[in-house]
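Secondary and tertiary structure notes
This is what each chain is made of:
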Amino acid sequence: MALDFLAGCAGGVAGVLVGHPFDTVKVRLQVQGVEKPQYRGTLHCFKSIIKQESVLGLYKGLGSPLMGLTFINALVFGVQGNTLRALGHDSPLNQFLAGAAAGAIQCVICCPMELAKTRLQLQDAGPARTYKGSLDCLAQIYGHEGLRGVNRGMVSTLLRETPSFGVYFLTYDALTRALGCEPGDRLLVPKLLLAGGTSGIVSWLSTYPVDVVKSRLQADGLRGAPRYRGILDCVHQSYRAEGWRVFTRGLASTLLRAFPVNAATFATVTVVLTYARGEEAGPEGEAVPAAPAGPALAQPSSL
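Structural notes, computed from the coordinates. (Residues numbered from 1 in each chain as written. Predicted model: local features only at pLDDT ≥ 70, side-chain atom pairs only at ≥ 80, totals over all residues. Heavy atoms only, no water.)

**Let's talk about the overall build of the protein chain**
Of the regular secondary structure elements, the protein chain holds 10 helices and 0 strands. Counted from the first residue to the last, the protein chain has its helices and strands arranged as α-α-α-α-α-α-α-α-α-α. Taking all 303 residues of the protein chain together, the buried fraction comes to 52%. Sequence-distant contacts in the protein chain: of pairs separated by 6 or more residues, those separated by 24 or more amount to 73%. For the protein chain, the exposed area adds up to about 13500 Å²; of that, 65% sits on carbon and sulfur atoms. (Helix = DSSP H or I, 4+ residues; strand = E, 2+ residues; numbered from the N terminus. Buried < 20%, exposed > 50% of the residue type's maximum accessible area, 1.4 Å probe, protein only. Contact = heavy atoms within 4.5 Å. Areas by Shrake-Rupley, 256 points an atom, 1.4 Å probe, with all protein chains shown as cover.)

Now the structure itself:
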C-alpha cells in the first residue's frame, strides 16, 4: 500500500508538470468575458501568455496542485480501495460507486487548492500581482472572506468530481478488460497508457460544463464586483450572455491536456513500481492514485 501510494505521488507530480500549462489556458478561456474576449482560441491563448509573460506564465499557480497532491492521493487511494472492498466484489457498478466516493471525499482538499490555482492563473504579472503564492492566496482569501471564502465553489466541485471519478474508474476498468491487460503482456504499458488517457478524456467530457461554472464562481470578484449569487445564477447569466457554447469554452485545451497528463502519470507509476518491485512490478491491487489535474488509476482485479 505504501509503495503504491509513493508511486502514485510520483506519477501525480509528472502529470501536474505536463498538464499545468493546458490547465492555465483552459481557465483563462473559461473566465474571459464575451464583450471583450482577450483570446481567440486555445492556440492564440498559448501564444499570448508566452509572449506577454514568458513560458513561466503557463505555470502560474503550479504550487497549489503540487501542495495538495499528496493529500489528494492519500484520500483517493484510501477511499476508493476501502469502498471497493466494502462493497464486496469487483463489478462495473461498484467501480463507479468506489470512484464516486473517492471523488467526493477528496473535494475537501481539491476545492481550496483549485481556488488558489485559479486566482494565481488569472492575476496580472509583475509588481501589480495580488498574491505571492498559493499559501498567501488562501491566507488573503481567509482573511477577507473566512472559511466560506476558502471553500468557494465547493458544491460545484462536488458536482464535478463525484460523477467524473466514477466515470473514470468505470471506463478504465472496462477498457483494461477489453484490451486484455494481463501481467506478462509485452504491450501492457502501452495498453495501460491508452486506457488511462482515454478514460481521462471520457471523464472530462462527462462533467465539463460543471467545470466551467466552477471556474467562473471561483474567479468571481477577482476583477471587480462579484457577479454571481450561486451555481444556478452563474448558469443562467452565462447562458443568457453567451449561449450554450460558453459551457464548452476551454474544452479543446482540456482534452489536449487529459491524454498526456494521464500518460505521464501512468508511465511514471509503472516505472517506479518496476524498479521497486523488480519482477513483480506489474501494477497490481485495486487502485493506484493519480494527479489533481485527473482521476486516479484503477487496476482491474485480474492485475
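**Quick word on helix α7 (residues 154-179)**
Along its 26 residues, α7 runs 36 Å from first to last C-alpha, staying within 8% of the 38 Å computed at 1.5 Å per residue. Just downstream of α7 lies Gly 180, where phi reads positive at about 70 degrees. (Expected span 1.5 Å × (residues − 1).)

**Some details on the environment of Val 155**
Along the chain, Val 155 turns up in helix α7. A sequence separation of 48 residues divides Val 155 from Cys 107, and the C-alpha atoms of the two residues are 9.3 Å apart.

**Looking at unusual backbone geometry**
Here Ser 54, not a glycine, exhibits a phi torsion of approximately 75 degrees, which is positive. Summarising the element assignment, Ser 54 is placed in the loop between α2 (42-53) and α3 (63-86).

**A closer look at the packing of α7 against helix α8 (residues 188-219)**
Describing two packed helices takes the angle between their axes plus the distance from one axis to the other. Put simply, α7 and α8 touch, their axes get as near as 8 Å, and they point 170 degrees apart. Our classification of the angle between α7 and α8 gives roughly antiparallel. Relative to α8, α7 is oriented so that their crossing is right-handed. The residue inventory of the contact of α7 with α8, partitioned by class, reads 14 nonpolar, 13 polar and 4 charged. (Axes fitted to C-alpha atoms, helices over the stretch in contact; angles between N-to-C directions. Parallel < 35°, antiparallel > 145°, perpendicular 65-115°, else oblique. Left-handed = near helix turned anticlockwise from the far one by under 90°. Nonpolar A, V, L, I, M, F, W, Y, C, P; charged D, E, K, R; others polar.)

**A closer look at the packing of aromatic side chains**
Per the counting criterion, the structure on display carries 4 aromatic pairs. Taken together, a centroid distance of 6.1 Å and an interplanar angle of 90 degrees make the contact between Tyr 168 and Phe 169 edge-to-face. Both residues of the pair, Tyr 168 and Phe 169, belong to the buried class. (Phe/Tyr/Trp six-rings, centres within 6.5 Å; stacked < 30°, edge-to-face > 60°.)

**Focus on the layout of surface pockets**
Approximately 530 Å³ is the volume attributed to the largest pocket. Residue lining of the largest pocket: 27 residues in total, with Val 31, Gln 32, Gly 33, Leu 122 and Arg 223 positioned closest to the centre. Where the lining of the largest pocket is concerned, the elements lending two or more residues are α1 (2-31), α2, α8 and α9 (231-242). Tallied by class, residues from the lining of the largest pocket come to 9 nonpolar, 7 polar and 11 charged. Taken together, 16 residues line the second largest pocket, and the ones lying closest to its centre are Arg 148, Arg 152, Gly 153, Leu 217 and Arg 229. Of the residues in the lining of the second largest pocket, the class split is 6 nonpolar, 5 polar and 5 charged. Residue assignment places the lining of the second largest pocket across two domains, with domain 2 (64-151) and domain 3 (155-249) each supplying three or more. (1 Å grid on protein atoms, 1.4 Å probe; cavity = no way out; pocket = protein on both sides within 12 Å on 5 of 7 lines; lining within 4 Å. Points joined across faces, edges and corners; volume = space filled by probe spheres on them. Domains from an automatic or database assignment.)

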